[in-house]
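Each chain, letter by letter, is given below.
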Number of protein chains: 2
Amino acid sequence: MHLFYTPDITPANKDWFLTEEESKHCTRVLRLEKGDQVNLIDGKGGLYAATISDAHPKRTILHIEAVITEYGKRNHYLHIAVAPTKNLDRLEWFLEKATEIGIDEVSLIITQRSERKEAKIDRLNKIITAAMKQSLKAYHPVLNEAISFNKFINQPFDGQKFVAHCANSEKVAIKDQFKPNSNYLVMIGPEGDFTEKEVGDALQNGFKAITLGESRLRTETAALEACFEINFLNR
Amino acid sequence: MHLFYTPDITPANKDWFLTEEESKHCTRVLRLEKGDQVNLIDGKGGLYAATISDAHPKRTILHIEAVITEYGKRNHYLHIAVAPTKNLDRLEWFLEKATEIGIDEVSLIITQRSERKEAKIDRLNKIITAAMKQSLKAYHPVLNEAISFNKFINQPFDGQKFVAHCANSEKVAIKDQFKPNSNYLVMIGPEGDFTEKEVGDALQNGFKAITLGESRLRTETAALEACFEINFLNR
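The rules we used
- Residues numbered from 1 in each chain as written.
- Chains lettered and ligands numbered in written order.
- Predicted model: local features only at pLDDT ≥ 70, side-chain atom pairs only at ≥ 80, totals over all residues.
- Heavy atoms only, no water.
- UniProt positions renumbered as here; feature names shortened; annotations may be inferred.
- Least-squares fit on C-alpha atoms with pLDDT ≥ 70 in both.
- Contact = heavy atoms within 4.5 Å.
- Domains from an automatic or database assignment.
- Buried area = accessible area lost by both parts, 1.4 Å probe.
- Salt bridge = Lys/Arg side-chain N within 4 Å of Asp/Glu carboxyl O.
- Polar contact = N/O pair within 3.5 Å; in protein donor to acceptor, adjacent residues only side chain to side chain.
- Nonpolar A, V, L, I, M, F, W, Y, C, P; charged D, E, K, R; others polar.
- Phe/Tyr/Trp six-rings, centres within 6.5 Å; stacked < 30°, edge-to-face > 60°.
- Buried < 20%, exposed > 50% of the residue type's maximum accessible area, 1.4 Å probe, protein only.
- Lys NZ or Arg CZ within 6 Å of the ring centre and 35° of its normal.
- Helix = DSSP H or I, 4+ residues; strand = E, 2+ residues; numbered from the N terminus.
- Expected span 1.5 Å × (residues − 1).
- Pairing = 2+ DSSP bridges.
- Axes fitted to C-alpha atoms, helices over the stretch in contact; angles between N-to-C directions.

- An unreviewed UniProt entry lists chain A under the name Ribosomal RNA small subunit methyltransferase E, from Mucilaginibacter boryungensis.
- The UniProt entry for chain A carries the following text under Subcellular location (unreviewed entry): "Cytoplasm".

Written as structure tokens, this is what we have:
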């Protein structure tokens, strides 16, 4: 079934015009015709079943046959904050995999030892959108612009807050602190890890230091491990 | 600490010669000198602490100071069989991440719907070796040459055998079937999934059909999810 991401559609819409680019893709690439069925997702939980009423190459018109709201609604809220990796492929890979496995929000944090201070949100969002469509999800994970570590840890968050770091100090496993069906924020450091001061500041701001197991993990692997654990523990 | 993978060393060795390539890397790239310390791993659980006794650019000599055997020995045995992905990057990515998280053996299986029928083992092993060094592991995961699905499922395996597929039929979650500290074999299908017959043949050969959660996962993501679950459940 062909799937389009149409973030502006609402359940009130009875008909929908695809954009010129989508119309071209629909009619010229997919070669769909009047009467063919497509699905739309709005990125906010809405899954729409539609039929092509006019296969126009520039403004294809769809008739909405049915709407499912809260499609695949998750039983928890997961926000992962990660320092952009030096090699951007690794961050992009994390975003694709986290979207497949299940994540609600990603923040990019700039830490003292971050080698990369910025990342192009548009490009990263395209990767998230592609993964969302590929894995048939109706919710689009939120990706936030890069923000400094200090600003970030002072933002309010209503839920469990964890910080993963590599230094030898007291840590707990997520599963031993875990409250099910809750909101979770997990911070993952850069290749060079958080500084001792950053970890201390995080703890003072209500973050709990966690271990993600015995293995020495790369930044993007640690971020995905946290994503795995919290989704798994909420099954 | 600088780490070299020297698969031929044994705990009996008191001194060790680096290869010409390693010697060049050691002296020209890392610029190490006589008296500097390095670590060696043999890929069979041995971690060696050594000191450079002759920083020769072509045949650097190391003196072995101490040996730890069974370094980071795992409490279970995990063998994942996966169909090589059409885009080889995805298989390579899985091998890197599985090595970081923890895996003992990988088999490449050629299924009816496999688009890729082969994969260069040497190149893939280089990726595993790099990940093993990067994540400080002393055991080198075994990568087996590609083999047909039918041959593979008839090979003996002393442990729990699971097959992950996407069809709607009776499945269990790994955690509900799981015996801790055991041997596990998990088969993951190609992009187009296993055929119904392949699933049936697997079940007849003692594999249990499993679900890896509600999300629709890519082949390499499903393989990593299985790797994550079994490592996590054995913590």
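## Details of the relation of the copies chain B and chain A
Here two copies of a chain appear, and what relates them is a rotation about an axis with a shift along it.
Line of reasoning, step 1. When chain B is fitted to chain A, the best match, at an RMSD of 0.1 Å, comes from turning it 180° and sliding it 0.1 Å along the axis. One copy is carried onto the other by what is essentially a two-fold rotation axis. Within chain B, Phe 228 of chain B has its C-alpha nearest the rotation axis, a separation of 3.8 Å.
Line of reasoning, step 2. Take the interface residues of chain B: 100% of them recur as interface residues in chain A, which is what a same-surface contact looks like.

## Overview of the domain arrangement of chain A
Residues and elements named next belong to chain A.
Line of reasoning, step 1. Partitioning chain A into structural domains gives domain 1 (3-68) and domain 2 (77-233).
Line of reasoning, step 2. A separation of 34 Å is found between the C-alpha centroids of domain 1 and domain 2.
Line of reasoning, step 3. Listed per partner, the contact involves eight residues of domain 1 and eight residues of domain 2.
Line of reasoning, step 4. Regarding the contact of domain 1 and domain 2, the summed buried area is about 680 Å², with carbon and sulfur atoms giving 72% of it.
Line of reasoning, step 5. Of all residues in domain 1, the largest losses of buried area upon contact with domain 2 belong to Leu 3, Tyr 5 and Ile 41, amounting jointly to 61% of the total for that side.
Line of reasoning, step 6. Across the contact surface, domain 1 and domain 2 share zero salt bridges.
Line of reasoning, step 7. Linking domain 1 to domain 2 there are four residue pairs in polar contact (both at pLDDT 80 or more).
Line of reasoning, step 8. Counted by class, the side of domain 1 that touches domain 2 contains three nonpolar, three polar and two charged residues.

## What to know about the interface of chain B and chain A
Line of reasoning, step 1. Every contact between the two is made by 27 residues of chain B and, on the other side, 27 residues of chain A.
Line of reasoning, step 2. Of all residues in chain B, Arg 216, Phe 232 and Arg 235 of chain B give up the largest surface area on contact with chain A, accounting jointly for 24% of the area buried on that side.
Line of reasoning, step 3. Taken together, chain B and chain A are joined by ten salt bridges.
Line of reasoning, step 4. Among the ionic pairs, Arg 218 of chain B bridges to Glu 96 of chain A, the shortest N-O distance being 3.6 Å.

## Remarks on the packing of aromatic side chains
We describe a pair of aromatic rings using the distance from one ring centre to the other and the angle between the two ring planes.
Line of reasoning, step 1. Counting across every chain of the model gives nine aromatic pairs over all chains.
Line of reasoning, step 2. Relative to Tyr 184 of chain A, the ring of Phe 178 of chain A lies with its centre 5.3 Å away and its plane at 5°, an arrangement referred to as stacked. Of the two residues, Phe 178 of chain A and Tyr 184 of chain A, both sit in the buried class.
Line of reasoning, step 3. Site record: aromatic cluster; members linked through ring pairs are Phe 228 and Phe 232 of chain A together with Phe 228 and Phe 232 of chain B.
Line of reasoning, step 4. Stacked on the ring of Trp 93 of chain A, the Lys or Arg Lys 97 of chain B has its end atom at 4.9 Å from the ring centre.
Line of reasoning, step 5. It is Lys 175 of chain B that lies over the ring of Phe 232 of chain A; its NZ or CZ is 5.4 Å from the centre.

## Some points on helix α7 (residues 219-233) of chain A
Line of reasoning, step 1. Its 15 residues place the ends of α7 of chain A 21 Å apart at the C-alpha level, agreeing with the 21 Å of an ideal helix rising 1.5 Å per residue.
Line of reasoning, step 2. Of all 15 residues in α7 of chain A, 14 are buried, a share of seventy percent or more.

## Focus on the sheet that holds strand β12 (residues 208-211) of chain A
Residues and elements named next belong to chain A.
Line of reasoning, step 1. Spatially, seven strands are ordered β8-β7-β6-β11-β9-β12-β10 in an open sheet, and the strand pairing comes out parallel. The open sheet has two edge strands with one neighbour each: β8 (142-148) and β10 (172-173).
Line of reasoning, step 2. Against the sheet, α7 engages β6 (77-82) and β11 (183-188), with an angle of about 170° to β6.

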